[in-house]
Amino acid sequence: MPAVSNIHSLERPLTQGMIDFAPLFMGQTIEKAQAGTTIFFEGDAACHVFRIVRGNVRICRFLSDGRRLIIGFLGAGDLVGLSFHNRYMFAGEAIDDVAFTRMNKRTLEDELQLVPEFRLQLLSQLRDEISAAQDHMLLLSHKNAEQRVCTFLLQRLERNEGRDGRTISLPMVRADIADHLGMTIETVSRTLTKLVAKGILLPADKHQFKVASRSALARTADEDPDDDFEEYPGARYAGTRYQ
């Protein structure tokens with residue numbers, strides 16, 4: 001008997017560059033994990049793929065000496081737990097309160113065979129993840145502390161492009177950023193304070209910064225600057241210490 005997809009129709013066709021896997025997970029129960037909870041452990045059997053509905057997740061590995069390496073941060077709409085191996089190569093931990101759905105890996109593979117659009121989108125996401133991993137290796141090996149932090153901030157800004165184009169959301173604590181960038185907590189804090197003092201960043205709401213000058217942030221990161229923003233009105237508060 002041929003398999004029948006759970007996706008009866010799409011609300012709108014997928015457009016180029018758009019990755020929205022929500023229809024794949026229609027009908028799946030929404031589960032919740034409190035901040036600090038491990039959603040799956042490194043070494044667990046890789047039986048499920050997870051889609052984050054709300055909240056933020058850190059992807060990490062633990063070395064034999066107890067040190068933690070954070071590979072990356074994922075948020076609403078992202079898939080986590082994709083693995084070509086029988087076991088997860090990393091752990092997924094909730095940064096804040098997280099809502100997610102899960103699908104059996106075999107079921108997901110069947111769905112992807114029946115809906116080619118999603119198969120292409122998944123391949124595109126995997127390609128982007130490989131590129132991001134390569135970029136992160138270069139970041140750790142060739143950039144100094146300030147350049148690492150600025151590159152990370154640019155990446156977070158890109159995640160928030162759908163908002164005002166200036167807001168950087170940092171739901172993770174400084175220890176998470178440090179473990180992601182191969183730095184100490186103190187160095188992360190000093191670097192953020194320095195960027196505020198320079199007027200490149202402006203403190204905003206809790207866990208958020210405003211970018212006064214995107215091109216200045218890019219230059220400090222040793223990246224090619226985009227067209228500069230007009231000065232953000234709150235720039236007069238530059239120099240406020242980041243807490």
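Here the structure is a predicted model, which means the values were calculated and not measured.

Next up on the list: the side chain of Thr 220. For Thr 220, the location among the structural elements is in helix α6 (residues 214–220). Among the polar contacts made by the side chain of Thr 220, one reaches the main-chain carbonyl oxygen of Ala 216 at a distance of 2.8 Å. Ignoring any residue separated from it by four or fewer positions in sequence, one finds Thr 220 in contact with Glu 146, Gln 147, Cys 150, Leu 195 and Ile 200.

Glancing now at helix α1 (residues 105–114). Residues Leu 108, Glu 111 and Leu 112 constitute the buried set of α1. Viewed end-on, α1 has its buried residues packed into an arc of 100 degrees, placing them on one side of the element. Exposed and facing more than 90 degrees away from the buried side of α1 are Arg 106 and Gln 113. The opening residue of α1 is Asn 104, an N-cap whose side-chain oxygen sits 2.8 Å from the backbone nitrogen of Arg 106.

Let us look at the pairing of strand β11 (residues 208–211). Sheet topology places strand β9 (residues 167–169) next to β11; three bridges connect them, and they run antiparallel. The residue of β11 that forms the bridge with Ile 168 is Phe 209. Judged from the three bridges that link them, strand β10 (residues 201–203) and β11 form a sheet pairing that is antiparallel. Looking at the pairing, Pro 203 lines up with Phe 209 of β11.

With that settled, the discussion passes to the nonpolar core. When a protein is soluble and globular, its nonpolar side chains tend to lie buried together. Membership of the largest hydrophobic core comes to 30 residues, with the highest contact counts inside it found for Phe 152, Leu 153, Ile 168, Leu 170, Leu 201 and Leu 217. The dominant element in this core, judged by the number of residues it contributes, is helix α3 (residues 145–159), at six residues. For Leu 170, the contacting residues outside a window of four places in its chain are Phe 152, Leu 153, Arg 156, Ile 177, His 207 and Phe 209. The next biggest cluster of nonpolar side chains, apart from the first, holds 15 residues, and it includes Phe 40, Ile 59, Tyr 88 and Phe 100.

If you check the backbone angles, His 207 has positive phi at about 65 degrees while not being a glycine. By the secondary structure assignment, His 207 is in the loop between β10 and β11. A positive phi angle, near 65 degrees, is found at Asp 222, a position not held by glycine. By the element assignment, Asp 222 lies in the segment after α6.

Before going further, it helps to examine the sheet that holds β9. The strand order across the open sheet formed by three strands is β9-β11-β10, and the pairing between neighbours is antiparallel. Two strands bound the open sheet, and with one partner strand each, they are β9 and β10. For this sheet, the mean angle separating the axes of adjacent strands, direction not counted, is 35 degrees. In this fold α3 packs onto β9, β10 and β11, with an angle of close to 105 degrees to the strand it touches most, β9. Strands in contact with helix α5 (residues 185–197) are β10 and β11; relative to β10, the strand with the most contacts, it is inclined by about 100 degrees.

A few words on the pairing of strand β3 (residues 48–54). Here β3 runs beside strand β8 (residues 98–104); their pairing, made up of six bridges, is antiparallel. Its bridge partner being in β8, Phe 50 is matched across the sheet by Arg 102.

For helix α4 (residues 174–181), every residue scored as buried is listed here: Asp 176, Ile 177, Ala 178, His 180 and Leu 181. Among the residues trailing α4, Gly 182 stands out with phi positive, at a value near 70 degrees.

All right, on to the packing of aromatic side chains then. Applying the stated rule across the entire model yields five aromatic pairs. Ring centres 6.0 Å apart and planes at 55 degrees place the aromatic pair Phe 40 and Phe 90 in the tilted group. In this pair, Phe 40 sits in strand β2 (residues 38–40) while Phe 90 sits in the loop between β6 (79–80) and β7 (91–94), placing the two residues 50 residues apart along the sequence. Phe 90 carries the same exposure label as Phe 40, and that label is buried. One aromatic cluster in this structure is built from Phe 40, Phe 50, Tyr 88, Phe 90 and Phe 100.

Here α3 crosses α4 at 110 degrees, and the two axes come no closer than 11 Å. By the angle between their axes, α3 is roughly perpendicular relative to α4. Of the two possible hands of crossing, α3 and α4 adopt the one that is right-handed. Of the residues in α4, those in contact with Arg 148, Val 149 and Phe 152 of α3 are Ile 177, His 180 and Leu 181.

Procedures and definitions
- Residues numbered from 1 in each chain as written.
- Predicted model: local features only at pLDDT ≥ 70, side-chain atom pairs only at ≥ 80, totals over all residues.
- Heavy atoms only, no water.
- Helix = DSSP H or I, 4+ residues; strand = E, 2+ residues; numbered from the N terminus.
- Polar contact = N/O pair within 3.5 Å; in protein donor to acceptor, adjacent residues only side chain to side chain.
- Contact = heavy atoms within 4.5 Å.
- Buried < 20%, exposed > 50% of the residue type's maximum accessible area, 1.4 Å probe, protein only.
- Arc of directions from axis to C-beta.
- Pairing = 2+ DSSP bridges.
- Core = buried A, V, L, I, M, F, W, Y, C linked by side-chain atoms within 4.5 Å.
- Axes fitted to C-alpha atoms, helices over the stretch in contact; angles between N-to-C directions.
- Phe/Tyr/Trp six-rings, centres within 6.5 Å; stacked < 30°, edge-to-face > 60°.
- Parallel < 35°, antiparallel > 145°, perpendicular 65-115°, else oblique.
- Left-handed = near helix turned anticlockwise from the far one by under 90°.

None of this, on its own, says anything about what the molecule does.
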